[in-house]
Amino acid sequence: MFQQQSRFLVINMKQSPTISICTIVKNERERIENFLASLEHFADEIVIVDTGSTDDTVACIEAFISRHKSAPIHFLKYVATGEFHYGIAKNFSLDNATKDYVVILDADERLSEEFKENVRTFLLKEKPLVASVIRKDEMLPHLIDYPERIIKRGSGIEYGEGPQYKVHEQLVHKAESKQFKEVIWHQQRWNHYVVRPQRILLQLELQIDRVPKTKSFLGHFLRGIWYFFHRFKKIYFTRKLYKDGALGFKYAFLRAVDAFLIEFFVGLKPWPSPSQD
């Protein structure tokens, strides 16, 4: 009986899919060490790509690697040619993965213990080409989404590289997306919208650049007002962030302001010349 169980365990270990963690980072010195430590004994490979940090992020990563020589970390630097594009940068990290499956993370995200315990069984049983996960916000319990974060390497699934994916990156594919019902925790903490509302300004320029001017200033202004109320209603009421009290209201309001400001500034842009069409 013991020999049969041993053979069964060996077979399962051989069949167990290997996992690469892929992430791009910039100016994450406050949390990069904790991020790497949380994955060191889980991942078969950690592909971490710095996209131009100006703080001590690179030094922190290199120091972690020197202290944890057995950690399966593949550290790379990415330099954008032209304007920075999140989709292209993330594809660079995916291109350098070598394991069976890729789990895509940001530096402010942590895998739940249930995720770590069950993901290989899920991959072995379901054999997905792409799968979504449950992402929960640490500060706003009702802020939940279901992003696609698991990819079969070699499936051809990658992030879109068109202008519409420059800021809000998205996987582009026609495959069946399966759902892995375990949690990734979003731990923004000191960098959360409700703590640092000025974060809106960091990506505002990129978002304005990617939205074409199609109306007069008044037209974009009015659309911005509509977007403000639509987004606030969707976040605060439909997604039930009203259950998260004052923080839920603050978050919904900030995201609504962001939607308005994009249209406001797009309306101020000059009309494109014929040569730009």
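Owing to the predicted nature of the structure, the values given are computational and were not obtained by experimental measurement.

Caption draft 1: How the structure looks around the overall build of the protein chain. Looking only at helices and strands, one finds eight helices and eleven strands in the protein chain. Each principal axis of the C-alpha distribution contributes one length, and for the protein chain these read about 75 × 45 × 40 Å. Put simply, the protein chain has 277 residues, and 43% of those count as buried. Taking the intrachain contacts of the protein chain between residues at least 6 apart in sequence as the baseline, contacts between residues at least 24 apart amount to 76%.

Caption draft 2: A look at a nonpolar patch on the surface. The grouping of Leu218, Leu222, Ile225 and Phe229 at the surface amounts to a nonpolar patch, some 390 Å² of accessible area in total. Summarising the element assignment, Leu218 is placed in helix α7 (residues 217-238). Classification of Leu218 as exposed rests on a relative accessible area of 52%.

Caption draft 3: Local environment of the packing of helix α2 (residues 32-39) against helix α3 (residues 57-67). Two elements in contact, α2 and α3, have axes separated by 9 Å at closest approach and are oriented at 35 degrees. The element α2 and its partner α3 pack so that their crossing is right-handed. In contact with Ile32, Glu33, Leu36 and Ala37 of α2, α3 contributes Cys60, Ile61, Phe64 and Arg67. Here the residues of the contact of α2 with α3 are counted per class, giving six nonpolar, no polar and two charged.

Cut-off values and rules
- Here the residue numbers are simple positions, counted from 1 along each chain's written sequence.
- Restriction of local features to residues with pLDDT of at least 70 applies here, the model being predicted, together with a cutoff of 80 or more for giving and counting side-chain atom pairs; totals for whole chains, interfaces and linings are based on all residues.
- Values shown for side chains rest on all heavy atoms present in the structure; no hydrogens or waters enter the calculation.
- Helix and strand definitions here come from DSSP, where helices need a minimum of 4 consecutive H or I residues and strands a minimum of 2 consecutive E residues; each element is numbered from the N-terminal end.
- When a residue's accessible area, from a 1.4 Å probe over protein chains only, is under 20% of the maximum for its type it is buried; when over 50% it is exposed; and in between it is partly exposed.
- For this analysis, residues touch if any pair of their heavy atoms sits within 4.5 Å.
- Residues forming no salt bridge and having over 30% relative accessible area are the ones grouped into patches, like charges within 9 Å of each other and nonpolar side chains (Val, Leu, Ile, Met, Phe, Trp, Tyr) within 5 Å.
- Per-residue accessibility takes into account occlusion by the displayed protein chains alone, with areas from the Shrake-Rupley method and a 1.4 Å probe.
- When a carboxyl oxygen of Asp or Glu is within 4 Å of a side-chain nitrogen of Lys or Arg, the pair counts as a salt bridge.
- With axes taken as lines fitted to C-alpha atoms, and helix axes fitted only over the stretch in contact, angles between N-to-C directions fall between 0 and 180 degrees.
- Note on convention: near helix rotated counterclockwise from far helix by under a right angle means a left-handed crossing. Clockwise means right-handed.
- Charged means Asp, Glu, Lys or Arg here, nonpolar means Ala, Val, Leu, Ile, Met, Phe, Trp, Tyr, Cys or Pro, and polar covers whatever is left, Gly included.

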